[in-house]
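Per-entry structural report
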Amino acid sequence: MRRLLAAATGLALLAASACSAPTPPRAAAVSPTPTGPATLPAPTGPHPVGTTALYLKDTSRPDPWNLDAEARELKVTLWYPAKQRDGQRAPYMTPKESELLLRGTQITSAPYDTLSRTRTNSIKDAEPAGRSLPLVVLSPGFTKPMSTLTSLAEDLASRGYVVAGVDHTYESYATTLPGGRVAECLACDSNSDPGFGAGLVQGRAADVSFVLDQLPSKWDGAGRIDRSRIAMVGQSIGGSSAMASMLEDPRVRAGIDMDGTAYARIPKSGFSRPFMFLGSAQHVSGGPAPTWDRDWKLLTGWKRWIVLSGAEHQSFTDTPLLSDALGIKPLPGVLPAARAAELTRTYVAAFLDQHLKGRRQPLLDQPSSRYPEAKFCPETCAPS
Amino acid sequence: MTAVRVAAAGLALLLAAACTAPPPPPRGETGTAAGTVCAPPKGAPGKETATTIEVVEQAYFCILGNYHSGATPDARSLLTAGFTALTQELNRNGRDLPDAVMPTLTGDLKADWAAFETAYRKITGQVPDLRDKLAVAALEAIVAALDDEHASWAHDVGQPPDYYDGDGYGLGLEANVNASQADGGLAAAVPPLFVTTVQGGAAQAAGLRPGDVIESINGSAPFIDGKATRAIAALYPRYPQARPVELSLLRQSTGRRRSVTLQPGLFQRDLADLQVVRSKPLDDIAYVRVTSFLPDSADRILRAVFRLRRGRTLSGVVLDLRGNSSGSATEATRLLSAFAHGKVTAYHCTAGDTCQSLRTDDTVELLGLPLVVLTDRGCASACEHFASAVKDLRAGRLVGTRTAGMVSGPAQPYLLTNNTILNLPAEHHLGPNREVVDRIGVPPDHYVPLTPEDAAAGRDLALAEALTLLHR
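Predicted model only: the values in this text are computed from it and were never measured.

1. What to know about the packing of helix α9 (residues 329–336) of chain B against helix α10 (residues 382–392) of chain B
Residue and element names in this part refer to chain B.
- Relative orientation of the contacting elements α9 and α10 amounts to 30°, with a least axis distance of 8 Å. By the angle between their axes, α9 is roughly parallel relative to α10. Crossing of α9 over α10 shows right-handed handedness. Of α10, the residues touching α9 (which contributes Ala329, Glu331, Ala332, Leu335 and Leu336) are Ala382, His385, Phe386, Ala389 and Val390.
- Along the lines of polarity and charge, the residues of the contact of α9 with α10 split into 8 nonpolar, 1 polar and 1 charged.

In structure tokens, the structure reads:
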């Protein structure tokens with residue numbers, strides 16, 4: 001086998017095949033003029049939405065990426081039902097975060113601060129409302145700040161959920177920490193290492209358990225949370241982290257993996273809490289990325305595997321909603337941004353309503369004529 | 001030529017690892033594609049389909065259009081090699097045919113291909129159940145006929161269905177004759193055969209330990225008259241190979257002999273062991289172990305050294321490159337740039353000896369520290385590029401054993417229509433003195449081989465020698 005170098009050049013390709021589809025650079029599809037700042041779609045639930053940020057420090061373990069940091073620092077963004085609709089809208093991200101994200105993703109078709117001017121629907125530090133609210137932990141994809149799931153977070157909060165979105169420090173191009181420090185993507189240095197994904201999701205599970213431990217003492221509104229009703233939802237490796245967290249922490253009762261290659265090792269005896277795979281064609285049964293096929297057999301409780309026709313990896317995030325503002329023409333054949341957001345919000349909320357609110361959702365039992373894009377795997381989806 | 005398949009399968013396991021970030025743009029080792037018959041893959045290849053005669057045709061013309069590393073391949077010799085393998089495969093299946101006769105070739109590329117394809121169709125028309133097997137055998141042989149270690153065809157790259165990121169597949173052990181040697185570099189293997197690492201799986205369950213001498217494999221001797229035998233290859237089964245492997249073992253410390261039967265399979269590995277760059281201070285020496293020159297590895301290594309330097313006066317660096325079997329020339333050159341400036345680290349040359357020099361990046365800060373590099377037969381490819389540059393440029397000293405001699409040149413992947421990958425080197429590699437390193441390897445300045453006794457005791461004499469040299 002004197003063919004190591006030759007084989008190694010195929011490395012990026014092979015590695016990519018094991019991964020969830022990466023963000024396409026799409027430089028070739030740039031349209032001439034960005035349209036100006038984006039406005040996120042209005043939340044669909046009845047409640048106004050408030051948002052606030054918490055900064056937590058776990059001194060019980062060193063940071064997994066920054067060897068000079070003796071504690072793991074985390075930023076948690078909360079979205080929650082609020083008393084009032086008026087007040088200052090929360091910023092989407094800082095200009096610096098926007099710049100680091102665009103630079104990291106190699107998007108040069110719009111000014112670097114563009115994303116910081118995105119208009120959100122949540123009121124900054126609004127007074128929370130409601131009681132006995134279920135909690136949803138959100139975890140973003142690798143290199144992506146938590147804010148890239150804002151559209152979903154705001155919608156869930158408007159439907160009566162408290163959402164705790166975790167910025168897993170050093171796993172994103174930009175996380176602003178107290179004192180204006182900006183943590184960049186240290187984990188990006190080693191993401192080609194074997195076992196990288198498996199290690200990362202274990203770290204995220206520890207992050208999530210710490211957030212659940214700290215929430216009561218760190219947020220004034222925490223008394224409004226029903227701590228017996230907690231779920232976790234994530235995109236890409238954040239989705240795989242949902243399973244990793246559930247395996248580690250019984251407080252997380254249900255979970256959704258949105259288009260994430262699965263890294264967490266499920267015991268051979270199986271796993272019985274409710275779990276849903278929601279993905280793009282990359283994750284059809286028998287497709288090129290077989291980790292969902294592997295884990296599907298090990299899920300012994302309530303489970304669904306839904307693939308959205310026309311979805312791509314970012315369809316479950318805000319990215320398509322921001323394309324016009326960035327001057328990026330959508331790829332042909334891909335779900336329009338508004339439709340992708342609607343489908344994501346609808347199926348995620350249906351799952352959470354069924355498992356955290358105890359409201360049965362026929363939408364999850366069979367294909368729907370309103371949402372013909374949703375294919376139920378493994379029965380009615382196959383590689384194209 | 002199972003080698004290619006084996007290499008590819010191993011890599012798939014190893015590399016399936018990473019995830020989700022946008023894949024880094026290919027660097028260094030990849031050249032630009034030429035020709036229209038085949039193109040580099042864009043993104044992850046789709047699901048593999050059967051190898052048809054059309055795929056063989058595509059690969060044949062892809063080679064003729066894009067292989068520039070060595071002498072221009074003789075098209076007729078490629079087709080002859082392909083046909084030879086095809087008749088051997090017929091024979092192995094007990095299905096030889098009276099008209100399985102090599103067609104006459106004229107030297108006209110297209111006409112010769114047409115003649116080959118006609119003969120293939122005539123044969124497979126009579127043994128339709130062997131059709132795919134014969135095409136695979138022919139294509140493997142055509143690629144092997146290039147006699148270039150970096151020319152390969154990756155196919156049947158399957159993963160065990162229960163594979164999780166970071167898992168290994170096999171018996172769960174490494175021996176002093178490593179997997180790539182066992183596959184094609186037996187000539188350099190030295191007796192006795194012994195376990196160097198127990199990784200997990202069957203080997204761990206059976207209580208194997210480093211230093212255990214392997215006296216026989218499936219009843220066959222690993223060495224006959226001091227020469228390694230192919231029996232050693234059975235130590236490294238690759239998925240889907242799953243036949244149990246019987247080993248006779250001698251533990252020298254106790255004199256105890258025993259037999260174990262190891263079932264190949266997936267095994268869980270320690271995630272910390274899989275990190276490609278690891279570092280620690282050994283008193284005033286920065287020790288950095290690097291298992292692959294993956295993208296960004298040079299910067300990771302240098303950051304690790306700078307970190308160890310903070311609050312400490314370092315008197316040297318040990319780079320442990322044992323078992324470092326792959327990576328990018330860009331990283332090797334970048335790393336060398338921390339130890340020497342204004343130098344050429346290697347040449348990449350076409351068949352016509354038009355050479356491109358790989359120069360140090362003199363924007364990289366010089367460390368200004370003495371360097372010792374630990375090498376062994378597992379140091380291949382970019383690792384040898386680095387080792388030969390260290391030696392030729394006197395940037396440091398090499399301790400251990402000779403490197404693998406597997407550095408033919410940077411390869412370009414091409415996607416075939418059945419979603420398999422053909423890797424073809426565009427250029428061949430030469431060291432800083434324009435010497436050939438491929439097949440020969442780089443000899444250490446200080447020869448310190450590993451013995452079973454040292455492996456059993458966990459003694460690392462090569463590292464000890466490195467520290468002595470740096471403290472002298």
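Once the structure has been displayed, the description carries forward.
2. Structural notes on the environment of threonine 354 of chain B
Residues and elements named next belong to chain B.
- Structurally, threonine 354 is set in the loop between β14 (344–349) and β15 (355–359).
- Residue class for threonine 354 comes out exposed when judged on the 10 C-beta atoms lying within 10 Å of it.
- Each C-alpha atom of the pair threonine 354 and alanine 75 lies 23 Å from the other, and the pair is 279 residues apart in sequence.

3. Describing the environment of lysine 133 of chain B
- Among the structural elements, lysine 133 of chain B can be located in helix α5 (residues 131–144).
- Separated by 238 residues in the primary sequence, lysine 133 of chain B and leucine 371 of chain B have C-alpha atoms spaced 51 Å apart.

4. A few points about the nonpolar core
- Of all hydrophobic cores here, the largest spans 109 residues; its most connected members are Val136, Val163, Ala164 and Val211 of chain A.
- Val317, Leu319, Met406 and Ala462 of chain B belong to the second-largest nonpolar core, a separate cluster that totals 52 residues.

5. Overview of the sheet that holds strand β8 (residues 245–251) of chain B
Residues and elements named next belong to chain B.
- If you trace the 3 strands from one edge of the open sheet to the other, you get β5-β8-β9, paired in antiparallel fashion. The two strands at the open ends of the sheet, each matched to only one other strand, are β5 (213–217) and β9 (256–262). In this sheet, neighbouring strand axes are inclined to one another by 30° on average, regardless of whether the strands run parallel or antiparallel.
- With 7 bridges connecting them, β8 and β9 associate as antiparallel partners. Counterpart to serine 248 in the pairing with β9 is serine 259.

6. Let's talk about the domain arrangement of chain B
All names here are of chain B.
- Structurally, chain B comprises domain 1 (2–154), domain 2 (168–267) and domain 3 (271–411 + 421–471).
- On a C-alpha basis, the centroid separation for the pair domain 2 and domain 3 is 27 Å.
- Between domain 2 and domain 3, the residue contacts involve 15 residues of the former and 11 residues of the latter.
- Here the residues of the side of domain 2 that touches domain 3 sort into 5 nonpolar, 9 polar and 1 charged.

7. A short note on the packing of helix α2 (residues 53–66) of chain B against α5 of chain B
Residue and element names in this part refer to chain B.
- At a closest axis distance of 9 Å, the pairing of α2 and α5 adopts a crossing angle of 10°. Judged by the inter-axis angle, α2 sits roughly parallel to α5. Across the interface between the two elements, Ile53, Val55, Val56, Ala59 and Tyr60 from α2 touch Ala135, Ala138, Leu139 and Ile142 from α5.
- Of the residues that constitute the contact of α2 with α5, the class distribution is 9 nonpolar, no polar and no charged.

8. Looking at helix α8 (residues 297–309) of chain B
Residue and element names in this part refer to chain B.
- Between the first and last C-alpha of α8 there are 18 Å, a value that for 13 residues agrees with the 18 Å anticipated at 1.5 Å per step.
- Along α8, the residues that are buried comprise Ser297, Ala298, Arg300, Ile301, Ala304 and Leu308. Mapping the buried residues of α8 onto a view down its axis gives an arc of 165°, with all of them on the same face.
- On its buried side, α8 packs onto β11 (277–282), β12 (285–290) and α9.
- Glycine 311 sits one or two residues past α8 and shows a positive phi near 70°.

Cut-offs used in this document
Residues numbered from 1 in each chain as written. Chains lettered and ligands numbered in written order. Predicted model: local features only at pLDDT ≥ 70, side-chain atom pairs only at ≥ 80, totals over all residues. Axes fitted to C-alpha atoms, helices over the stretch in contact; angles between N-to-C directions. Helix = DSSP H or I, 4+ residues; strand = E, 2+ residues; numbered from the N terminus. Parallel < 35°, antiparallel > 145°, perpendicular 65-115°, else oblique. Left-handed = near helix turned anticlockwise from the far one by under 90°. Contact = placed C-beta atoms within 7 Å. Nonpolar A, V, L, I, M, F, W, Y, C, P; charged D, E, K, R; others polar. Buried ≥ 20, exposed ≤ 12 C-beta atoms within 10 Å, placed from the backbone. Core = buried A, V, L, I, M, F, W, Y, C linked by C-beta atoms within 7 Å. Pairing = 2+ DSSP bridges. Domains from an automatic or database assignment. Expected span 1.5 Å × (residues − 1). Arc of directions from axis to C-beta.

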